[in-house]
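Close look at the chain arrangement
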Amino acid sequence: DAKTTQPPSMDCAEGRAANLPCNHSTISGNEYVYWYRQIHSQGPQYIIHGLKNNETNEMASLIITEDRKSSTLILPHATLRDTAVYYCIVSLGGSQGNLIFGKGTKLSVKP
Amino acid sequence: DTGVSQDPRHKITKRGQNVTFRCDPISEHNRLYWYRQTLGQGPEFLTYFQNEAQLEKSRLLSDRFSAERPKGSFSTLEIQRTEQGDSAMYLCASSFGQHGNTIYFGEGSWLTVV
């Protein structure tokens, strides 16, 4: 079973920030929080990951709570092309044999 | 393009036929993974390799499925005697086998069994 809980769907207006929450209350101390997204019929696309500190890259920001039991992915200026299913995954990364995907959050960006 | 490459992207086959998918990982990535995804579901892990060694297989990988990575570079996933339930997208991914590294996915190979 997935170790994360995400809302099944969210809407966001184009140009506004999209804030996608994820709960991972059973995360272990050495597990990272990874975010991927999947646009219809394509393979999952890596977005960002973090361990304890907040992270930012050209795609998004990741905010991890101090107790590490939850996190939020922020897309600062959502566009229609950001419409996708977003998966939050806790994992050791490359040293782990597999990623366990849940059902993710279907983000719909509307004009 | 230096990402994970999969071939073919789409395959339609008749029930009972064998099919083979190929995956070329990102150069120098020592880990290679296979996943399966059906409509409306997230990807499900099938198996992974470190170099040429197959280290883990999921219960989803029935005896009709076989994966190889003979030289530790590209990998093949063969499905024998295909069934309609095998219709899915087969995803390949690769990474360095180190803590905290990112696993990168290919675009997937769609299989339709008719």
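Notes on the structure in this doc start here.

What counts as what
- Residues numbered from 1 in each chain as written.
- Chains lettered and ligands numbered in written order.
- Predicted model: local features only at pLDDT ≥ 70, side-chain atom pairs only at ≥ 80, totals over all residues.
- Heavy atoms only, no water.
- Buried < 20%, exposed > 50% of the residue type's maximum accessible area, 1.4 Å probe, protein only.
- Helix = DSSP H or I, 4+ residues; strand = E, 2+ residues; numbered from the N terminus.
- Pairing = 2+ DSSP bridges.
- Contact = heavy atoms within 4.5 Å.
- Buried area = accessible area lost by both parts, 1.4 Å probe.
- Salt bridge = Lys/Arg side-chain N within 4 Å of Asp/Glu carboxyl O.
- Polar contact = N/O pair within 3.5 Å; in protein donor to acceptor, adjacent residues only side chain to side chain.

All names here are of chain B. Burial along strand β11 (residues 109-113) is one-sided: Ser-109, Leu-111 and Val-113 are buried, and none of Trp-110 and Thr-112, which face the opposite way, are. Inspection of the sheet shows strand β2 (residues 10-13) paired to β11 by four bridges, in the parallel sense. Residue pairing across strands places His-10 opposite Trp-110, the latter belonging to β11. Pairing analysis gives three bridges linking strand β9 (residues 88-95) to β11, with the strands arranged antiparallel. Residue pairing across strands places Met-89 opposite Trp-110, the latter belonging to β11.

Frequently, the measure chosen for interface size is the accessible area removed from exposure when the parts meet. Contact with chain B, which involves 27 residues of that partner, is made by 23 residues of chain A. Buried area between chain B and chain A, both sides added, is near 1800 Å², and the carbon and sulfur share of it is 49%. Across the chain B-chain A interface, the total number found is zero salt bridges. Counting every contact that joins chain B to chain A gives six residue pairs in polar contact (both at pLDDT 80 or more). Those elements that place two or more of their residues in the side of chain B that touches chain A are β4 (31-37), β5 (44-50), β9 and β10 (104-105) of chain B. Ranked by residues supplied to the side of chain B that touches chain A, first place goes to β4 of chain B with four residues.

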